[in-house]
There are 2 protein chains.
Amino acid sequence: MREAPIRRLTIFGVGLIGGSLALALRKAGFVEEVVGCSRRASHLREAVERGVIDRFSLDAAEAVSGADVVFVAVPLGAMRQVFEAMQPGLDPAAIITDGGSAKQCVVDDARAAFGRIPPGFVPGHPIAGTEKSGVAAAFPELYAQRKVILTPVEESAPEAVARVRAMWQAAGAEVEEMEGHHHDEVLAATSHLPHMLAFGLVDSLARMRDNDEIFRYVAGGFRDFTRIASSDPVMWRDICIHNREAILEMTARYQADLNEMMQAIEQGDGETLLQIFSRAKAARDRFCNE
Amino acid sequence: MREAPIRRLTIFGVGLIGGSLALALRKAGFVEEVVGCSRRASHLREAVERGVIDRFSLDAAEAVSGADVVFVAVPLGAMRQVFEAMQPGLDPAAIITDGGSAKQCVVDDARAAFGRIPPGFVPGHPIAGTEKSGVAAAFPELYAQRKVILTPVEESAPEAVARVRAMWQAAGAEVEEMEGHHHDEVLAATSHLPHMLAFGLVDSLARMRDNDEIFRYVAGGFRDFTRIASSDPVMWRDICIHNREAILEMTARYQADLNEMMQAIEQGDGETLLQIFSRAKAARDRFCNE
């Protein structure tokens, strides 16, 4: 029998993202053993029961001992601490990658924790997920045909990048590479800003008098529009803090555009409104060819 | 055989909304004959071919001749003209109702067109629809378990309100009554504002340099979030113009809340962000119990 390309994979944060990767790689026969680590034994026990991981340790250094690949899928605010905690047990040849929604901050955290960027370090971001979280939501097809963006740094060894790429491909993903700063801007526009708008809208309505009545009249469009507002608050707090600049810049641009639109409404300028709506509809129909 | 409750129903604007009502009422055996009217013969011919209407006229007065119920499902900007054009052919006992997304303006248009509000006039708004439009998108189940809000005015005869209520119930809808001004505020919050935000976001991204690249990295959440930006631009231009005040007010509140959120991001105030996101998630999970 052919040996699995990964002998031991250690996953920090065995939730939707980490758990789904484990399930996908197991299904593909790409990994022999999966070790889980997080702060809560109850979560890890559940992950063992669900067959997502083989075993776990609450000690980060112990968890990475003998691992050839380490995947860190914790909120951005916990990255640095996890890197620091794993360091004593880490094999110098180990591949370390992550699933963080912003990439510059993860590189900074790794540099701070390890003293330098290890050659096995390859930052990554799977553009996948649902508004659900937790290991119970994990499923092996989460990454099928989804994009994974790797943002290798100068120090990342080409062999390490190749192995991380192969891992994600085994999970069914399409892998691309991008510069970290550029990644953070693109994701601020396509993911972080929409989440802010959706969280903001639901909270705005929830704070209104008679909000119970208001929510009674929402239709299907509103449900779709606000689905992302059911996402994990801790994860999103951390994204805001760690991709602050890009989010603030994109939101400022958006607010300027929204102000223009409101001005057109105020002035009864139907021509401008029609232009905006038509341009938006054309763009969406083009890129979301459903 | 029992006579159908509506002998002749005339529909102005045989698209998703008008066409789906026709299909639902036919299926329920609630109507004997459906007559269509709009500006384009080609659309009406298609509606006949699809079995949505029995026949059509391009002349509004002729189209309503002998109709006991008239349903107006045209963009808000066309309401007044349609009311004016139908008047010469209208049976004084006819019920007139509509599907407009704002209600105060429709009442004003009816008053202007008819000189006074006829006793058969019952403004209404089915809270249903998809981002699709046109008769090809119509289907008889569109209103099943959907809310329809009637906003009768002082002049509306109670029998007329009862007949419109019965019609929508036959189409599967849950019918409620509300004061028109209040309807316009509630819908500005739950429907019009979200549409503005979605149109605005897609247009904002489409106007960025490298927008092709940006749209390549959108994930499922973004597709859901922006689905409503594929809605009909003309309809939405008209809603903006005709529910201007409520939309401007709700958007101003929303922008103030969004500014608070951005201030928290700028200050790295994770506690406030966590509060906002948690409150939003709790509200959404509660009202969209999926």
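Just above, that's the structure.
Below: a short report on this structure. Keep in mind that what you see is a predicted model, and the values were worked out from it rather than measured. (Residues numbered from 1 in each chain as written. Chains lettered and ligands numbered in written order. Predicted model: local features only at pLDDT ≥ 70, side-chain atom pairs only at ≥ 80, totals over all residues. Heavy atoms only, no water.)

**Let's talk about the pattern of salt bridges**
Okay, step 1: Tallying each qualifying case throughout the model produces 42 salt bridges over all chains.
Okay, step 2: We note a salt bridge from Asp 68 of chain A to Arg 7 of chain A, for which the minimum N-O separation is 3.7 Å. In this pair, Asp 68 of chain A sits in the loop between helix H3 (60–64) and strand S4 (69–72) while Arg 7 of chain A sits in strand S1 (residues 6–12), placing the two residues 61 residues apart along the sequence.
Okay, step 3: When the shortest N-O distance is used, the salt bridge between Glu 176 of chain B and Arg 216 of chain A registers 2.6 Å. (Salt bridge = Lys/Arg side-chain N within 4 Å of Asp/Glu carboxyl O. Helix = DSSP H or I, 4+ residues; strand = E, 2+ residues; numbered from the N terminus.)

**Examining the nonpolar core**
Okay, step 1: Phe 12, Phe 83 and Met 86 of chain A together with Phe 12, Phe 83 and Met 86 of chain B are the most contacted members of the largest nonpolar core, which has 144 residues in total.
Okay, step 2: Contacts of Phe 83 of chain B, omitting those with residues within four sequence positions, involve Val 72, Ile 96, Val 106, Asp 109, Ala 110, Ala 113, Phe 114 and Phe 121 of chain B. (Core = buried A, V, L, I, M, F, W, Y, C linked by side-chain atoms within 4.5 Å. Buried < 20%, exposed > 50% of the residue type's maximum accessible area, 1.4 Å probe, protein only. Contact = heavy atoms within 4.5 Å.)

**Focus: the relation of the copies chain B and chain A**
Okay, step 1: With an RMSD of 0.0 Å, the fit of chain B onto chain A corresponds to turning through 180° and sliding 0.0 Å along the axis. This pairing of chains is accounted for by a two-fold axis. When each C-alpha of chain B is compared by its distance to the rotation axis, Phe 225 of chain B comes out closest, at 2.0 Å.
Okay, step 2: In this assembly, 100% of the residues forming the interface of chain B have copies in chain A that are likewise at the interface, indicating an isologous arrangement. (Least-squares fit on C-alpha atoms with pLDDT ≥ 70 in both.)

**Here we look at the packing of helix H7 (residues 180–206) of chain A against helix H11 (residues 244–266) of chain A**
All names here are of chain A.
Okay, step 1: The geometry of H7 relative to H11 is characterised by a closest axis approach of 9 Å and an angle of 65° between their N-to-C directions. Taken together, the axes of H7 and H11 are roughly perpendicular relative to one another. H11 is crossed by H7, and the crossing has right-handed handedness. Contact with H7, carried on its side by Asp 184, Glu 185, Ala 188, Ala 189, His 192, Leu 193, Met 196 and Leu 197, involves Ala 246, Ile 247, Glu 249, Met 250, Thr 251 and Tyr 254 of H11 and no other residues of that element.
Okay, step 2: Of the residues contributing to the contact of H7 with H11, the split by class is 9 nonpolar, 2 polar and 3 charged. (Axes fitted to C-alpha atoms, helices over the stretch in contact; angles between N-to-C directions. Parallel < 35°, antiparallel > 145°, perpendicular 65-115°, else oblique. Left-handed = near helix turned anticlockwise from the far one by under 90°. Nonpolar A, V, L, I, M, F, W, Y, C, P; charged D, E, K, R; others polar.)

**Topic: the packing of aromatic side chains**
Residue and element names in this part refer to chain A.
Okay, step 1: Evaluated as defined, the whole model comprises 17 aromatic pairs over all chains.
Okay, step 2: The interplanar angle of 80° and the centroid separation of 4.9 Å between the aromatic rings of Tyr 143 and Trp 168 together place this pair among those described as edge-to-face. Of the two residues, Tyr 143 is situated in the loop between strand S7 (124–126) and strand S8 (147–150) and Trp 168 in helix H6 (residues 158–170); the sequence distance between them amounts to 25 residues. Here Tyr 143 and Trp 168 have matching classes, each one buried. (Phe/Tyr/Trp six-rings, centres within 6.5 Å; stacked < 30°, edge-to-face > 60°.)

**So, the side chain of Ser 101 of chain B**
Okay, step 1: Take Ser 101 of chain B: it is sitting in the loop between strand S5 (95–98) and helix H5 (104–114).
Okay, step 2: Every residue in contact with Ser 101 of chain B, bar those within four places of it in the chain, is listed here: Leu 76, His 125, His 183, Leu 187, His 192, Met 235 and Ile 239 of chain B.

**Brief notes about the sheet that holds strand S8 (residues 147–150) of chain B**
Residue and element names in this part refer to chain B.
Okay, step 1: An order of S7-S8-S9 is seen for the 3 strands of this open sheet, with the pairing classed as mixed. Two strands lie at the open edges of the sheet, namely strand S7 (124–126) and strand S9 (174–177), each paired on one side alone. Going from strand to strand, the sheet's axes swing by 20° on average, the running direction of each strand aside.
Okay, step 2: Sheet topology note: the S7/S8 ladder contains 3 bridges and is antiparallel. In the strand pairing of S8, Pro 126 is matched with Val 148. (Pairing = 2+ DSSP bridges.)

**Points about the interface of chain B and chain A**
Okay, step 1: At the junction of the two partners, chain B supplies 87 residues and chain A supplies 87 residues.
Okay, step 2: For the pair chain B and chain A, the two sides together bury roughly 8,100 Å², of which 65% comes from carbon and sulfur.
Okay, step 3: If you look at where chain B meets chain A, you find 10 salt bridges.
Okay, step 4: Put simply, Arg 207 of chain B and Asp 257 of chain A hold a salt bridge, and the shortest N to O gap is 3.9 Å.
Okay, step 5: Mapped by element, the contributors of at least two residues to the side of chain B that touches chain A are S8, helix H7 (180–206), helix H8 (211–216), helix H9 (220–226), helix H10 (233–242), helix H11 (244–266) and helix H12 (270–287) of chain B.
Okay, step 6: Residues that form the side of chain B that touches chain A fall into these classes: 46 nonpolar, 17 polar and 24 charged. (Buried area = accessible area lost by both parts, 1.4 Å probe.)

**Describing empty space enclosed by the protein**
Okay, step 1: Under the defined criterion, the tally for this structure stands at 1 cavity of 30 Å³ or more.
Okay, step 2: Quantified by volume, the largest cavity comes out at close to 30 Å³.
Okay, step 3: Residue assignment for the lining of the largest cavity shows that the elements contributing at least two residues are H7 of chain A together with H11 of chain B.
Okay, step 4: In terms of residue count, the dominant contributor to the lining of the largest cavity is H11 of chain B (4 residues). (1 Å grid on protein atoms, 1.4 Å probe; cavity = no way out; pocket = protein on both sides within 12 Å on 5 of 7 lines; lining within 4 Å. Points joined across faces, edges and corners; volume = space filled by probe spheres on them.)

**Focus on H10 of chain B**
Okay, step 1: Here H10 of chain B has its buried residues at Pro 233, Trp 236, Asp 238, Ile 239 and Cys 240 of chain B.
Okay, step 2: Buried residues along H10 of chain B sit in contact with H11 and helix H12 (270–287) of chain A together with H7 and H11 of chain B.

**A short note on the environment of Ala 112 of chain B**
Okay, step 1: Take Ala 112 of chain B: it is sitting in helix H5.
Okay, step 2: Spatially, the C-alpha atoms of Ala 112 of chain B and Phe 83 of chain B are 9.1 Å apart, while their sequence positions differ by 29 residues.

**Some words on the packing of H7 of chain A against H12 of chain B**
Okay, step 1: Viewed as axis vectors pointing N to C, H7 of chain A and H12 of chain B meet at an angle of 75°, and their least axial separation amounts to 8 Å. Between H7 of chain A and H12 of chain B, the angle is such that the two are roughly perpendicular. Residue-level inspection shows Met 196, Phe 199, Val 202, Asp 203 and Ala 206 of chain A of H7 of chain A in contact with H12 of chain B, the latter providing Ile 276, Phe 277, Arg 279, Ala 280, Ala 283, Arg 284 and Phe 287 of chain B.

**Some words on the sheet that holds strand S3 (residues 55–56) of chain B**
Residues and elements named next belong to chain B.
Okay, step 1: What the 6 strands build is an open sheet, ordered S3-S2-S1-S4-S5-S6; its pairing is parallel. Only two strands of the sheet have a single partner each, and these edge strands are S3 and strand S6 (121–122).
Okay, step 2: Relative to S6, S5 is paired through 2 bridges, and the arrangement is parallel. Counted as the bridge partner of Thr 97 is Val 122 from S6.

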